[in-house]
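These are the residues of each chain, in order.
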Amino acid sequence: MQQDLVVAIKLKGIKPRVSRQVQVSSNLGLDRFHQLMQVVMGWENTAPHLWRGWDNDFGDPRQFVPPGPQDERKASVANLFTTVGEVATYVYDFDAQWIHELLLTDVVAAKPSPILINGTGACPPESVQGAYAYGQFKLAIKDRTHPFWKMDEALMRSFQRFNPNQFSQQQTASRLECLALSWQRKSRRKSVVKSRWLVVIDNEPIRRKYRKELDQSRRQLHKLELELERFKGDDTTAFKGWLYTTFPVRLSTIRALHEEMARLVSRLNLMREFQNHGVKAPGAAYHRAMRVETGEDPMPDFPPPPISQPNSSSDEELEFLRTAIKGLAQDMGLDGDSIEEQLDTMLAGAEEGEKDFNKEDRQESQSIYRQIALRLHPDRGGTMAEPEAKIWYRAQEAYAAGDVLTLRQLWSRLTGHSEHVSQLSCGDMIKSIIETQAQIAALHAVRESLKREPAWNFSRLSDKQLRSRRRRVEQDLVEQEQSTRQELEDLRLECERLSALQRRWESKHRGAKEQIDLF
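Residues numbered from 1 in each chain as written. Predicted model: local features only at pLDDT ≥ 70, side-chain atom pairs only at ≥ 80, totals over all residues. Heavy atoms only, no water.

Asks: What is the right way to look at the overall build of the protein in this model?
Replies: Each helix and strand in the protein was counted, giving 17 helices and eight strands. Out of the 519 residues in the protein, the part that is buried amounts to 37%. Summed over its atoms, the accessible surface of the protein is roughly 32,500 Å², and 51% of this surface lies on carbon and sulfur atoms. (Helix = DSSP H or I, 4+ residues; strand = E, 2+ residues; numbered from the N terminus. Buried < 20%, exposed > 50% of the residue type's maximum accessible area, 1.4 Å probe, protein only. Areas by Shrake-Rupley, 256 points an atom, 1.4 Å probe, with all protein chains shown as cover.)

Asks: What am I meant to see in the pairing of strand β1 (residues 3-11) here?
Replies: Successive side chains on a regular strand alternate, one facing one side of the sheet and the next facing the other. With nine bridges connecting them, β1 and strand β7 (residues 98-109) associate as antiparallel partners. Within β7, the position partnered with V6 by the bridge is D106. Two strands pair when backbone bridges link them, and β1 and strand β2 (residues 19-25) are joined in this way by seven bridges, in the antiparallel orientation. Opposite V6, over in β2, you have Q23 as the bridge partner. (Pairing = 2+ DSSP bridges.)

Asks: What's the story with the nonpolar core in this structure? I'm lost.
Replies: Inside soluble globular proteins, nonpolar side chains tend to come together where they are buried. If you look at the biggest cluster of nonpolar residues, it comprises 48 residues, and the most contacted ones within it are F33, L36, W51, L80, F81 and L102. Of all elements in the fold, only β1, β2, α1 (30-41), β6 (87-92), β7, α2 (131-142), α3 (147-151) and α5 (169-187) reach the threshold of two or more residues within this core. With seven residues, α1 is the single largest residue contributor to this core. Filtering out sequence-adjacent residues up to four positions away, F33 remains in contact with V24, L28, W51, V77, L80 and L102. Membership of the second largest hydrophobic core comes to 19 residues, among which are L221, L450, F458 and L461. (Core = buried A, V, L, I, M, F, W, Y, C linked by side-chain atoms within 4.5 Å. Contact = heavy atoms within 4.5 Å.)

Asks: What am I meant to see in the pattern of salt bridges here?
Replies: As a working rule, side chains carrying opposite charge can pair if their charged atoms are close by. Under the criterion given, the structure shown has 15 salt bridges. R470 is the partner of E474 in a salt bridge, and the nearest nitrogen-oxygen pair spans 3.4 Å. Placement of the pair is E474 and R470 together in helix α17 (residues 463-518), with a separation of four residues, close to one helical turn. Judged by relative accessible area, E474 falls into the partly exposed class, the value being 31%. Of the charged contacts, one joins E494 and R497 as a salt bridge, the two residues approaching to 2.7 Å between their closest N and O atoms. (Salt bridge = Lys/Arg side-chain N within 4 Å of Asp/Glu carboxyl O.)

Asks: How do you make sense of helix α6 (residues 204-246) when you look at a structure like this?
Replies: Each α-helix turn comprises 3.6 residues. Residues three or four places apart therefore point the same way. With 43 residues, α6 should cover 63 Å at 1.5 Å per step; its first-to-last C-alpha distance of 60 Å lies within 8% of that length. Along its length, α6 shows its largest kink, about 35°, at F231. (Expected span 1.5 Å × (residues − 1). Bend = angle between axes of the 7 residues up to and from the residue.)

Asks: Sorry if this is basic, but what is going on with the side chain of T236 here?
Replies: Within the secondary structure, T236 is located in helix α6. Reaching out from T236, the side chain makes a polar contact with the backbone oxygen of F231 at a distance of 2.5 Å. When sequence neighbours within four positions are dropped, the list of residues in contact with T236 reads F231 and A455. (Polar contact = N/O pair within 3.5 Å; in protein donor to acceptor, adjacent residues only side chain to side chain.)

Asks: Please explain the sheet that holds strand β3 (residues 49-52) as it appears in this structure.
Replies: One open sheet accounts for eight strands, arranged β5-β4-β3-β6-β7-β1-β2-β8; its pairing is mixed. With partners counted over all chains shown, the strands left at the sheet margins are β5 (70-71) and β8 (115-120), one partner each. Two elements, β2 and β8, share five bridges in a ladder whose sense is antiparallel. Residue V22 lies in a different strand from β8, and its bridge partner there is L116. Against the sheet, α1 makes contact with β1, β2, β3, β4 (57-59), β6, β7 and β8, and its axis sits at roughly 150° relative to β2, the strand it touches most. (Axes fitted to C-alpha atoms, helices over the stretch in contact; angles between N-to-C directions.)

Asks: Looking at this structure, I do not really get the packing of helix α7 (residues 248-276) against helix α8 (residues 282-294). What am I missing?
Replies: Helices that pack against each other are described as a pair by the angle of their axes relative to one another and the distance between those axes. Contact geometry of α7 with α8 gives a least axis separation of 8 Å together with a crossing angle of 125°. Relative to α8, the element α7 lies oblique. Of the two elements, α7 crosses α8, and the hand of that crossing is right-handed. When α7 is examined against α8, the residues R263, R267, L268, L270, M271, F274 and Q275 are found in contact with a partner set consisting of P282, A285, Y286, R288, A289, M290, V292 and E293. (Parallel < 35°, antiparallel > 145°, perpendicular 65-115°, else oblique. Left-handed = near helix turned anticlockwise from the far one by under 90°.)

Asks: Got a minute to help me understand α2 in this structure?
Replies: Spanning 12 residues, α2 covers 18 Å between terminal C-alpha atoms, matching the ideal 16 Å at 1.5 Å per step. All buried positions along α2 are accounted for by A133, Y134, F137, K138, A140 and I141. The buried residues of α2 occupy one face: seen down the axis, they fall within an arc of 160°. Relative to its buried face, α2 has exposed residues pointing more than 90 degrees away, namely Y132 and K142. Against β7, α3 and α4 (153-158) lie the buried residues of α2. (Arc of directions from axis to C-beta.)

Asks: It is not clear to me how the packing of aromatic side chains should be interpreted in this structure. Could you clarify?
Replies: Think of a pair of aromatic rings as described by two things: how far the centres are apart, and how the planes are tilted against each other in angle. Under the defined criterion, the tally for this structure stands at 15 aromatic pairs. With a centroid separation of 6.3 Å and an interplanar angle of 80°, the aromatic rings of Y134 and F162 are classed as edge-to-face. Residue Y134 is located in helix α2, and its partner F162 is located in the loop between α4 and α5; the two are separated by 28 residues in the primary sequence. Neither residue differs from the other here; Y134 and F162 are each classed as buried. (Phe/Tyr/Trp six-rings, centres within 6.5 Å; stacked < 30°, edge-to-face > 60°.)

Asks: Quick question: what am I supposed to make of the side chain of T172 here?
Replies: Tracing the backbone shows T172 in helix α5. Only 2.9 Å separates the side chain of T172 from the backbone oxygen of S168, close enough to count as a polar contact. Sequence-distant contacts of T172, that is, excluding residues within four places in its chain, are made with V39, V40, L116 and F167.

Asks: How should I be thinking about unusual backbone geometry in this particular structure?
Replies: It is generally the case that most residues other than glycine have a negative phi and that most peptide bonds are trans. Omega for the peptide link from K15 to P16 comes to -5°, which places this bond in the cis form. Within the fold, P16 resides in the loop between β1 and β2.

Asks: Just checking my understanding: could you explain the environment of Q480 for this structure?
Replies: Examined against the element boundaries, Q480 turns out to sit in helix α17. When the C-alpha atoms of Q480 and I254 are compared, they prove to be 7.9 Å apart, with 226 residues separating the residues in sequence. Filtering out sequence-adjacent residues up to four positions away, Q480 remains in contact with I254 and H258.

Listed below in structure tokens is the structure:
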């Protein structure tokens, strides 16, 4: 018999108290319970989340690197609790650490839809990172001299009328009702067509929709590619020239320290090689390494280490990839079940490991690269402009790496989006949209990591920003020099210890040799 669970929700570490009480079905999936939590609390669903039940963790597999928590789409609210009075946890935004305590207070008769029973307190703004920052944010609302106004005046102005005690149960219940209605629409089964009459359907509106989505995705991908190309070319070149001009002495010092470190590390590695091949005494091994370093002895011909064979892709990794792609399709409004056959085709090559490279992708890569070469190769097209030269060099790199997705994007940029898209079927456009979105996600991750580099956006810095960047780089170089000196000092101490063992070994060895000569 289906039952409903009454769950009391409390946001920990926040004053005044922020709490909600809801009644939900015990069979409600945790993915939908996450949507419900976002609605009743007032979050905006822009960050990762995690469920912690009585014996397992659950989450969205697209937000974790495998092996991660169990798939929340295969679990329900009942998996979080075993008895009344038990507590589970919902963590939202791993940087801000908004921790929600979920207490099962009662088990009641089932209702058709989830219900918001009561609630208190306003949810903190999502742009405020964590409980401590929220406390300072509340002080800043009442005091315009607070440092928060200098840090982000636009944020403070947008939330100037924020009231921590204000909570509208009626509005929240209305949004929860809309969410429940959307679940009912998605849960409807498609009617089975038993008629054998041929029906002609105008698919042009559908094609226009997919064509628009594909064009938008490609423009977004092209914008990201241009941004990364600018960093790789203009920003990096300008930063390196400025760095060598601004800090020549410090860079020379760091380079000298690294060279000495490399020499000592090479000596210690050579000593370990001697120990691995029969010279057990550390003093003797260090003695042999010093003789090779000074040129008194030749470099020994050590046998090569055994080559370990790479493991093939596991079933868990393939299942994770399948779940991630289906989730991406559902986020785009596509039916996950309708692309099952396409997923089987895409993952067919992965089941046999990296040795069996997909023959169709290899043939497609060769075909696309041949067409790009016929259009851009200097022997055929003559002198290339800068955009075409960038495409030509990127095509060579993608072909060498077997990256058929990048080759497709480069070819579409050469032929023009409208010409290329007009020749695709709806299925091909759906596949291209998924592939393009995957590339966009990968480039977003690359861009976020590069933003932490001091060379990021260097060619566009103003004078004020350049002075700030100079202080940052100078501080980084000072820390790098100090860290290198500390590592070098540790290496020197280790070499001094081994030198003492070497002298002891040489003294013992000479004494034994003189005793033999006496006889």
